[in-house]
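Here's the letter readout for the chains.
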Amino acid sequence: MAFDQRHRFIISKMAEAFGIEESVVEKKLIVEKQHINAFFEGSAPGALRWSYQVPEEKNKDGAWVQKGTKPVLALSHQQGEHVSGKCLFFVRVNPKGVNEKTLETDLAVGEIQGSALETIKALVADLYLPILQEQSSWGKMPVDHAKEFLAGAGKMANILAEAASCLQGGVGLKKPDERHVSQYDLRPGAFTQAANEPEVAHHMEECLTDWCSKVEQLLIQANAIPPGEEPGPDTEIEYWRGHMARFNSLSEQLKSRECRLVLGVTGMMHSPASKRWKGLELKLSDAANEAKDNVRYLGTLDKSFEVLREGGPQQILDSLHSLMQAVMTLYKIARYYGTPQRMTTLFCKITNQMIRSCKKAILEPGKIWDQQKGKLIANMQVCVKLCEAYKQQYIFMRDTMKAETPEKPFEMDERAVFLKFELFAKRLNKLIEMFTTIHQFSSLEQHTHIAGLEGVLKSFHGIVDDVKRKPYDLLDYTRNQFDRDYLEFNVNVHDLEISLQAFINNSFENITSTDHALSLLAQFHAILQRGALKQELDSKYQVIFQHYAHDLEAVQAQYEAYKHKPPVPRNAPPIAGNIMWSRQLLRRIEEPMQRFAQNKMLMNMKESKKVIKMYNRVAKALVEFETLWHQAWLKGIEQQRAGLQAPLLVRHPDTGQLLVNLDKEIMQLIREAKYLQLIGIHVPEAARTLLLQEEKFKYYFAQLSFAVREYKEVMAHVQPIFKPLLKPHLEDMETKVAPGMFILTWTSMNIDGYLHRFKQGLARLKELVRKLVDIVDNRVVANLDAVQKTLLVELPGDRSFSYEEFITAQAKFQKRQADLLTIRNEEVARAIEDVIMLVQTAPRENPDVAVEEKEVDLFRSYYSSLMYRSILTATQRSFAAMKRRLGSKTATGIFYMERPFFDVDVELKLPSIALNPTLDGIQEAVNSTAKAILQASHKLRCWGMINGPPCYYDLIARDKEVVKSVLLLTGSVEGIKHQVAEYLSNFDKYSFLWTQNLQATYEAFMKTNPSLEAFEGELKKYMAIETEIAAIPSVYNIGSLSLTTLPLKTSLKSEAASWKAQFAQNLHSQSAEDLKAFDAYIRDTTLKLNRKVEDLEDVRYLVTVLNEVREREADIDALIAPIEDMYSLLLRYEVRVPKEETGMVSDLRYGWKKLRKLATDTSDNLARLQAGFKRELIKEVKAFVQDAQAFRHDWEVNGPMVPGLDPMEAVDRLKKFQQMFEVRKRKWENYSSGEELFGLPVTSYPELEQTEKEISMLDRLYTLYVTVISTIKGYGDYFWADVVEKVDEWGEQVLQYQAQCKKLPKASRDWPAYVKCRDIIDNFLEMLPLFQALAHKAMRERHWKAVMQTTGKELQLAEDVFKLQHLLDLNILQHKEEIEEITTAAVKEEQIETKLGG
């Protein structure tokens, strides 16, 4: 059978679940292939159930027993098959079948292990229900349906959990022994036989006794409530269902064969346990019936309890009557449950559930303090209402039943039922009052614009924050601490009310405005709902009314003061402004009076009559003022209308500018009419007519103003040079403007036609001027600017030229620029002709007026002269650029602002140093370039000039500035000849390299029998020369010249290397001879020590060689050190040495150590061969012990650790004792190895061990001391000119020494050498900044004289004399501050000089 993906899926899941091989599953699938394929195709039942267990069958008593021991994989084909182990099921989700591609969606898989009910409970409660509860979107399903579905699913999960718990929590009866069960049948004879067996009878008696005890415990079991819980009515149903399940479980067990056997045997025995059991059987039956009956009746209340679980307080309130009816019905008809005790329990649980639902409803929107206070208070009020209705319904039902069934009245413990809910409602009432107060005060936050209210709000927030910080739950009515906090809250609120009342009084003490005071009073009325504060607010009306009397007096005084010249609003016309002013005063007194009039009690007061009379008098005056101004305006309307007969345009008598002539009185009249209409005043027909024409007048005024402005702008673009050329066109435009100045008025009917002609003529003129300006700007002025900016020589600031490159580059560049100038010159000439043609051919309405030819010639000549000035400027700029780049003001040295112009090589041409190319050649190139700049204007045709030359060259060449520039350029190089010569003289100090005879000088030196130091001096001298030559800048700039010294440096280095090689040759040969001699000694001695010991002669020979080696050991440093020093000298001064010699030098000490080890091995070999060596060794060891003691005594008396010893003397002593110690060290090692060789105890030498530690410590200290002294002393040999580039390197080196000094052992820090070494390092580091400051380029000779004057010592400042040591000898640290002042002043002086020079 071929398996596809569906089969493989089932195989893998089964192998994983049962822990078996896939091959076992495959075999079973082959057997069941027909059923499985039908399941995949959809024709078989929709589930497959697999089990893997030992087969089971029922015995004759109906019990399941195993058949065999080997588990078998089985597929269940029918319902009801017994499975005791794990069961794996596959469910077909798709009714059409299982597809390979949609396998995961078509097929569901799961497993059941143990109890099926427990497994289903886990699936529903732990898997499906949490997933459903997290579902956020339910598609088209309504929200209430989704909630109902989730509630049902939760209920199902609870039922499953309850059923599983009942099965697990049942009473298990003790089973009799299996051997007794299998021995006796269930018949009276067998019971009698078993009762006669003492052992069986006793065993059965024990079982029954245990049953009686368990049943008794079950019967007295109460409905226990876990501590800390407030159970709801659901727990009552769950309890009785569990109780019923336990009784049912007990009944099922009693029907089993084992229990029937126990009961039969004990019944035959008539035992005490049997009698006890019969009594319990009756109680058990009655208890089981009670449980069933209670479950049946309580189940009828499930729908009512569901509202308690899922509904809110309002829903519970709505269904409260039906709930009470159902409970009362239960009380009436229930046989067992209708007792006061049961009813009390049930109602207590109903009360608990109501409280729980109320808390849930209150907290559902969020935390109490985060909720909107209005909604929170409403929710709490509903909960309080529920409590009251609950008790009322109970009392109603109680009284009704008492009247209907007096024989069975409805009685229960009312205190136990209602106490909790009443306490909870009492707590809610307090919370309602508290949050109502908070809500009332919170409304103040919306009126923070009331000045001074912030302090009250801050105090209020402090009170609320104190309550918020309480750690307990506000809804926990069992916590009495809230009552104390609530009382404290009320006290604080009362204090806050007092302060708020004081704030209100203060707010009305200084009333600045009656309107403001009334508005403030209205705001306080709106936000302060508390009774004590409202009375205080009502009393403020009289205070405000008294202030209003003062306002009336102020308005009257203001009217009298300004009635002849009132202040008017901005942009308001005078008449309307005056009326608006009077109305504003009237409104100021009228609006408050209208609000006061609403307070009848205030108006009826005696004190108010005087104020009312004043109000009437002031209001009458203001109304009369308005009437007078209105009548005056009506009389002047006709006079103002006369301005409409004026012409549209006029010219200014002084400037002649065109102006729009609209009388301001017309617009003033229109504005007055508009304003008066807006404020509701009657406007006559004449003014309304003008008002209707306002848009027309504004339109004509705007159009004429725009046209005049456009005309001015067009004329502004007409340059004076254009006006003679445009004269006919300007006259044509004037004829179109004239009607508006002499004929048309503002009442004319053909103003639109005039505007059309005006704009049409203006558009033609504007277009003509635009084209003319466009041609001149883009083709004439742009080309003139381009010509003016054109350079006729290429002088890049970031590039230098060689002589040949300069000649070639300038020729190409000048030809290209000259061609470009020719093109631009011709373009300007054509553009001028186009302008003339444009003006002559442009359309106009006066063709009889022509352009004069004379004006055309003057126009051409004007722009031709502009072209000449542009070419002249370009020529002058080119000469100026050459002068700037070739001048001698460019920085001299290796630094420059822009690159020098000419690259010149400095070469050694024996017998002197010369430049390539020469300065004369450079000057010749400059002259030819200047001439070419002038020649560029030869190709430029001179056009348009009256009686002008054929080209512009004749005009350019006669210009004085041009001639002056050419003359200056012809001597541009002459000024730097002296600087060049001075720079080349700096290399004269190296002239001996090629002027003196090398061989003769060397022979004279050798005749002096020079020492190694003398050779080193000569090598150092030529090495310094090579270093100095290498330090010569590769480029040196003088003016426009960039002097390249690389050819010269190469030649000088070659000469210096020849001299150094000559002096190094002899030193190398001498060191090579010493090296080879020592190497030969090592090889010869090695051969001697490798000689075989065959007789006594060989022993004596080897002893002699060993003694020779020991004798050599003391002088070995004197042999090796000179060789190493000579080769080190050669390498330090970069003398070529063969590689094999370098290797031999590096192996010298290694070879000696190797030889010494060979000697030791040979000595050991002799010790093994000669017994007498042992006695000799013991003797020598004894002597060496004394020698070690003597050496230690000598070390302490004469060694480097003697107190008060000079460090340098201590260094010498240390070297001496180091060598002495090395000898003893070798003996120590030899003797110790000999003792180990002969098995003798190794002698210890504490004196040598202590001395070795001290030598190691002192060697670190004095090695560093000598290094520091010699290094810093070596720094002093540097010339001052070389100090600048060495300062940073020295600083790093000395910092390393300082770090090494700090790492020395603490024991060495009290030694004079350590103190002196540390002081030298610190002093040198402190002097480094002074060196850098003194080496600054700003230091002049006067500054050095100031330094010498400060230190009191003289210095030779010549570069080849002045060294760093001379400066160190001045003890400059003693004058640190004075020297810093000198160097700082030098830098500032240099900055000042730079600014003055710039």
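Further up the page is the structure itself.
Residues numbered from 1 in each chain as written. Predicted model: local features only at pLDDT ≥ 70, side-chain atom pairs only at ≥ 80, totals over all residues. Heavy atoms only, no water.

**With respect to the nonpolar core**
Now for step 1: Counting residues in each nonpolar core, the largest one holds 121 residues, and the members touching the most others are W633, L649, L726, F758, Y863, Y952 and L1041.
Now for step 2: Examining the composition of this core, we find that 15 residues originate from one element, helix α33 (residues 751–789), more than from any other.
Now for step 3: Each residue touching F758, except ones within four places of it in the same chain, is listed here: L649, L658, A707, M733 and V737.
Now for step 4: Within the second largest apolar cluster, 100 residues are counted, among which are M380, V417, F418 and V464. (Core = buried A, V, L, I, M, F, W, Y, C linked by side-chain atoms within 4.5 Å. Buried < 20%, exposed > 50% of the residue type's maximum accessible area, 1.4 Å probe, protein only. Helix = DSSP H or I, 4+ residues; strand = E, 2+ residues; numbered from the N terminus. Contact = heavy atoms within 4.5 Å.)

**Comments concerning the pairing of strand β9 (residues 902–909)**
Now for step 1: Note that β9 and strand β12 (residues 1041–1044) share 4 bridges and pair parallel. Paired with F902 across the strands is L1041, a residue of β12. (Pairing = 2+ DSSP bridges.)

**Let's talk about the side chain of E290**
Now for step 1: Considering the arrangement of structural elements, one finds E290 in helix α12 (residues 272–299).
Now for step 2: For E290, a relative accessible area of 17% puts it in the buried group.
Now for step 3: A distance of 2.9 Å separates a polar atom in the side chain of E290 from a polar atom in the side chain of R342.
Now for step 4: If near-sequence neighbours (up to four positions away) are discounted, E290 is found in contact with W240, Y336 and R342. (Polar contact = N/O pair within 3.5 Å; in protein donor to acceptor, adjacent residues only side chain to side chain.)

**Remarks on the sheet that holds strand β4 (residues 72–76)**
Now for step 1: The 4 strands lie next to each other as β4-β1-β5-β6, forming an open sheet whose pairing is antiparallel. Among the strands making up the open sheet, the edge pair consists of β4 and β6 (107–113). The mean inter-strand angle of the sheet, taken between neighbouring strand axes irrespective of direction, is 20 degrees.
Now for step 2: The pairing of strand β1 (residues 47–53) with strand β5 (residues 86–92) spans 5 bridges and is antiparallel. The residue of β5 that forms the bridge with R49 is F89. (Axes fitted to C-alpha atoms, helices over the stretch in contact; angles between N-to-C directions.)

**Overview of the pattern of salt bridges**
Now for step 1: In the structure shown here, the tally under the stated rule is 34 salt bridges.
Now for step 2: The salt bridge involving E422 is made with K391; its shortest N-O contact spans 2.5 Å. Linking E422 in helix α18 (residues 414–442) with K391 in helix α17 (residues 373–404), this pair joins segments that are 31 residues apart in sequence.
Now for step 3: Its relative accessible area of 32% is what places E422 among the partly exposed residues. (Salt bridge = Lys/Arg side-chain N within 4 Å of Asp/Glu carboxyl O.)

Nothing here speaks to function; it is all geometry.
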